[in-house]
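Observations on the three-dimensional arrangement
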Amino acid sequence: MLWQRLLFGAILIAVLVGLLYADSRLAAWVSQDAAEFRFDGAILTGTVAVLVFLGGLELTRLFRGAGFQPLTLWPSIVSSLVASIPFLSKSGLTADWGLAKLSAAQLTVGALIIAIFGVFVLVALRRKTDRAIGDMAVSIWPVLYLGLLSQFIVSIRLDGSPHGITIVLFFIATVKICDIGAYFTGRAIGRHKLIIWLSPKKTWEGLCGGVVASMVLAVGVVKWIDGSQPAAFPPDFLTVGRAAIFGFLMAVIGQTGDLLESMIKRDAQAKDSAQAIPAFGGVLDILDSVLLTAPVAWWILIH
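To start, this report covers the structure provided alongside it. (Residues numbered from 1 in each chain as written. Predicted model: local features only at pLDDT ≥ 70, side-chain atom pairs only at ≥ 80, totals over all residues. Heavy atoms only, no water.)

Things to note about the pattern of salt bridges
- By the definition in use, this model includes seven salt bridges.
- Between Asp258 and Lys202 there is a salt bridge; the shortest N-O distance is 2.9 Å. Placement of Asp258 in helix H8 (residues 240–267) and of Lys202 in strand S2 (residues 199–203) is noted, with a sequence separation of 56 residues between them. Across the pair, Lys202 and Asp258 agree in class, each one buried.
- Lys265 is the partner of Asp285 in a salt bridge, and the nearest nitrogen-oxygen pair spans 2.9 Å. (Salt bridge = Lys/Arg side-chain N within 4 Å of Asp/Glu carboxyl O. Helix = DSSP H or I, 4+ residues; strand = E, 2+ residues; numbered from the N terminus. Buried < 20%, exposed > 50% of the residue type's maximum accessible area, 1.4 Å probe, protein only.)

Right, here's the structure in full:
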């Protein structure tokens, strides 16, 4: 129902803003002199790791509904580890493990190798080869889809420091405003189905409305920055033209991410990935549009 979407949507936004604020203040609240590692990004990283873990469990249930037998905990655990690697590397924690000389990229490759090896061993322990290829494939998928892609959310926060918090908020808002714009535009004037066999409720009119919403938000924020020069954003953040391109890409790629998850759910004959969040579904239903856009956002906003 619409009122549930509005209510729980507002709650989710408030929780996100609260977590980002706490993340920005954590280093000041904790005495860095008394700590052996940096706290920057700890709360955001922990939040992402938890969401990735829960999303991995949801993916496992969906894959089982599609007839596969994926591993249950191993993919979710490794996915959370992979998502946390940028923080583990920059915080100095890996120095205690004798890994100080390894970059985040090198640590990520190592984690992926461990993930693949673990999947093989655990599937082999079942002592049967029937459907082993499919079971190994769907067991490694959460690590790549959830762990690797969400790693870029953490990287935006850390690589964009000291403006990482506002850049992450700008990125997520630009992606999610497309969902909102597409939803209301589709309800109001949606007539032509986008991909009826995959997502029957999506329309071309809704997609266009979502793209316009993302572009307007991105350009509006940049125009506001140019006029007021707030300290929360870097002085050379984005030009108006690049902001428009950014909004367009976030909308289109974000909707592609939503369709990707829809394909998984349709194969599993599930309407939502779970029923954890009223009117929205599960964790995957919240993350789907953010995951696929995160690497592109990191590339445009940070590099």
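Let's talk about the nonpolar core
- By size, the foremost hydrophobic cluster in this structure holds 47 residues, and its most contacted members are Leu59, Phe170, Phe171, Phe237, Leu238, Phe246 and Leu301.
- For this core, the secondary-structure elements that each account for two or more residues are helix H2 (42–65), helix H3 (74–91), helix H5 (132–159), helix H6 (164–189), helix H7 (204–228), H8 and helix H9 (283–301).
- Here Phe246 is in contact with Phe170, Phe171, Thr174, Ala218, Ala297, Ile300 and Leu301, once residues within four sequence places are set aside.
- Ranked by size, the runner-up nonpolar core spans twelve residues in total, among them Val82, Ala115, Ala132 and Ile140. (Core = buried A, V, L, I, M, F, W, Y, C linked by side-chain atoms within 4.5 Å. Contact = heavy atoms within 4.5 Å.)

Some points on the packing of H5 against H6
- For the pair H5 and H6, the least separation of the axes is 7 Å and the interaxial angle reads 140°. Classified by the angle their axes make, H5 and H6 are oblique. By crossing handedness, the relation of H5 to H6 is classed as right-handed. Between H5 and H6, the contacting residues are Ile153, Ile156 and Arg157 on the first element and Gly164, Ile165, Ile167, Val168 and Phe171 on the second.
- Within the contact of H5 with H6, the residues separate by chemical class into six nonpolar, one polar and one charged. (Axes fitted to C-alpha atoms, helices over the stretch in contact; angles between N-to-C directions. Parallel < 35°, antiparallel > 145°, perpendicular 65-115°, else oblique. Left-handed = near helix turned anticlockwise from the far one by under 90°. Nonpolar A, V, L, I, M, F, W, Y, C, P; charged D, E, K, R; others polar.)

Brief notes about the pairing of S2
- Here strand S1 (residues 193–195) runs beside S2; their pairing, made up of two bridges, is antiparallel. Residue pairing in the sheet places Lys193 in a bridge with Thr203 of S2. (Pairing = 2+ DSSP bridges.)

Remarks on unusual backbone geometry
- Residue Pro162 is reached from Ser161 by a cis peptide bond, and omega for that bond is 10°.
- Its place among the elements puts Pro162 in the loop between H5 and H6.
- Backbone geometry places Arg127, a non-glycine residue, at a positive phi of 60°.
- As for its placement among the helices and strands, Arg127 is situated in the loop between helix H4 (104–124) and H5.
- Its identity is not glycine, yet Arg131 carries a phi of approximately 65°, on the positive side.
- Tracing the sequence through the fold places Arg131 in the loop between H4 and H5.
- For Arg131, a relative accessible area of 45% gives the class partly exposed.

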